[in-house]
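# Observations on the three-dimensional arrangement
As a plain string of letters, each chain reads:
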Amino acid sequence: MVGVDHRSGAEDRPAEADLHRAPDPRVRADRAALTEHPRRAELSADGTQYYDGPDWGWQDLWLTADQVFAFCTEDRGLPATQVGLLAEGLLNQSWKIECSDHDRVLRVGRSERTPEQVAYELPVVRAWAEAVPVVVAAEHQDVPVVDGRVLTLFPYVEGFSGLSMASPDRTRELIPVVAAMHRVSLGLDLAQRPGFTSIDEQPRWPDWTVARPAVIDRFGSGAEILGPVTVIDRAIEELDRQLDDWTRSGRLAARAPIHGDLNPRNQLYLEDSLVAIIDTDDLRVDPLVWEVANLAYTDLDVDPGRVWRDYLEAGGPLEAADEDLLLPFARLGVLGELRWLTDADGAAIHTADQTLFDLAAALTGRPTRD
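Residues numbered from 1 in each chain as written. Predicted model: local features only at pLDDT ≥ 70, side-chain atom pairs only at ≥ 80, totals over all residues. Heavy atoms only, no water.

### Section: the overall build of the protein chain
Across its full length, the protein chain holds 9 helices and 13 strands. Here the protein chain has a C-alpha radius of gyration of 21 Å; the compact-globule value for 370 residues is 21 Å, and the two agree. Looking at the protein chain residue by residue over its 370 residues, the buried ones come to 52%. Pairs at least 24 apart in sequence give 70% of the contacts found in the protein chain among residues at least 6 apart. Accessible area for the protein chain stands at about 16,000 Å²; split by element, carbon and sulfur atoms hold 50% of it. In the protein chain, 36 side chains carry a positive charge and 65 a negative one; their mean positions are 2 Å apart. (Helix = DSSP H or I, 4+ residues; strand = E, 2+ residues; numbered from the N terminus. Rg over C-alpha atoms; globule rule 2.2 N^0.38 Å. Buried < 20%, exposed > 50% of the residue type's maximum accessible area, 1.4 Å probe, protein only. Contact = heavy atoms within 4.5 Å. Areas by Shrake-Rupley, 256 points an atom, 1.4 Å probe, with all protein chains shown as cover. Lys, Arg positive; Asp, Glu negative; His and termini not counted. Charge placed at Lys NZ, Arg CZ, Asp CG, Glu CD.)

### Observations concerning helix α6 (residues 288-296)
Where burial is concerned, most of α6 is hidden: 9 out of the 9 residues are buried. The complete set of buried residues in α6 reads Leu288, Val289, Trp290, Glu291, Val292, Ala293, Asn294, Leu295 and Ala296. If you follow the buried residues of α6, they end up packed against α3 (167-186), β10 (255-258), β13 (284-287), α7 (304-313) and α8 (326-335).

### Examining the nonpolar core
Ranked by internal contacts, the top residues of the largest apolar core, which has 71 residues, are Trp208, Ile232 and Phe329. In this view, Phe329 contacts Ile199, Leu243, Trp246, Leu252, Pro287, Val289, Trp290, Ala293 and Asn294; residues no more than four positions away in its chain are not counted. Residues Val68, Phe69, Cys72 and Leu85 belong to the second largest nonpolar core, which totals 22 residues. (Core = buried A, V, L, I, M, F, W, Y, C linked by side-chain atoms within 4.5 Å.)

### What about the pattern of salt bridges?
Overall, the coordinates contain 24 salt bridges when judged by the stated rule. Connected through salt bridges with shared partners, the residues Arg110, Glu112, Arg113 and Asp281 form a single ionic network. (Salt bridge = Lys/Arg side-chain N within 4 Å of Asp/Glu carboxyl O.)

### Quick notes on the pairing of strand β4 (residues 80-85)
Side-chain direction in a regular strand flips from residue to residue, so the side chains alternate between the two faces of the sheet. Across the 6 residues that make up β4, a large majority, 5, are buried. Direction of pairing for β4 relative to strand β5 (residues 93-99): antiparallel, over a ladder of 5 bridges. If you follow Leu85 over to β5, its bridge partner there is Trp95. (Pairing = 2+ DSSP bridges.)

### Quick notes on the confidence of the model for the protein chain
Per-residue confidence for the protein chain gives a mean pLDDT of 90, with 90% of residues at or over 70. Across residues 1-35, confidence stays below pLDDT 50; counting only partners more than four residues off in sequence or on other chains, it has 108 contacts. (pLDDT = per-residue confidence, 0-100.)

### Regarding the pairing of strand β12 (residues 273-277)
Sheet topology places strand β11 (residues 267-270) next to β12; 4 bridges connect them, and they run antiparallel. Its bridge partner lying in β12, Tyr269 is registered against Leu274. Between β11 and β12, which pair antiparallel in sequence order, lie 2 residues; one of them, Glu271, sits at a positive phi of approximately 50°.

### So, the packing of α6 against α8
Look at α6 against α8: their axes get within 8 Å of each other, and the N-to-C directions meet at 85°. Between α6 and α8, the angle is such that the two are roughly perpendicular. Contacts between α6 and α8 pair Val289, Trp290, Val292, Ala293, Asn294 and Ala296 from the former with Leu326, Phe329, Ala330, Leu332 and Gly333 from the latter. Within the contact of α6 with α8, the residues separate by chemical class into 9 nonpolar, 2 polar and no charged. (Axes fitted to C-alpha atoms, helices over the stretch in contact; angles between N-to-C directions. Parallel < 35°, antiparallel > 145°, perpendicular 65-115°, else oblique. Nonpolar A, V, L, I, M, F, W, Y, C, P; charged D, E, K, R; others polar.)

### Topic: the sheet that holds strand β9 (residues 160-161)
Backbone-to-backbone hydrogen bonds pair the strands of a sheet. The strands run either parallel or antiparallel. An order of β9-β11-β12 is seen for the 3 strands of this open sheet, with the pairing classed as antiparallel. Lying at the two open borders of the sheet, with one neighbouring strand each, are β9 and β12. Its contacts with the sheet place α3 against β11 and β12, and it is angled at close to 50° to β12.

### Looking at unusual backbone geometry
Among all residues except glycine, the phi angle is most often negative; among peptide bonds, the trans geometry is most common. Across the junction of Gln202 and Pro203, the peptide omega takes the value -10°, indicating a cis bond. Its place among the elements puts Pro203 in the loop between α3 and α4 (206-219). Phi is positive for Asp147, which is not a glycine, with a value near 50°. Along the polypeptide, Asp147 turns up in the loop between β7 (145-146) and β8 (149-155). Residue Asp147 is classed as exposed on the basis of its relative accessible area of 57%. Residue Asp272 is not a glycine yet carries a positive backbone phi of 70°. Secondary-structure assignment places Asp272 in the loop between β11 and β12. For Asp272, a relative accessible area of 52% gives the class exposed.

Structural data, given as structure tokens:
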């Protein structure tokens, strides 16, 4: 995600020790010895790794602090004074760039993100930001690449994570913004983003095709694993039938670029008001109802019917009769998490069993996204 400013608490800020100062004006790469219990985003003594919490331990940095500083000052000509790794980046690695004019965030894209994909993202987000200023757009329209990583600079926005907001309040703030973004999207008339597919396109479940045998291979074929596997199999079969019916009847024709990942971490607030929507890394063309469904089923404190009514009243470009699509699309959103069961090599990750249990529970009860 784009870590413009994830400040749900002190742990989300770059620690003072993690800020690399530039005395001459190079960023300093040396660090004091690490404590016994490193903080999230703590850098290793040699500056090549960072601590990603107890579940994941030490991970490689895709670019070092020196490389980040050099890109900002030499390539972009920014008046940067120091850089610090942001703790909340989950899929990308993001750095806060402190500058004498205004601070910025540098998103270092994961290896599978291509220049063509980022080039598609930039003008869409710019169009959203022109109509909805809380959407944070990149400060440039070129697509720089360093060591095979696509880099994107954003303005830094002061705020705290949506995780600190009550979900009904957060949803009420977000609904009119999403309705406006959807109206803009329909006017863009764009084909699908390169390398992405819509949720209803075939093949629909490539992640499960890989994850299902991988999870069984790692965790066994006992009832505790095959039980949730069967729940997912049945949900996929049911939703396949529904998607086929809706496609034939034309009910999914309202499709356009959506944000694709409006989780609370990608929303920033000040004084209970939404001030920024960040992280458009999952932007893609999909049925608009998919995004509304995932707002409607945020958690048990949010009333799906109220979300739907508020979306339509805010000018959301869907039909009132589409309300019956919300629950199935919320379940489809749950199944979207299947992609996180395996690593890049197709092997089940060490937390895949717990994720599997959580997905099965969400599919057999009321689906939630938080």
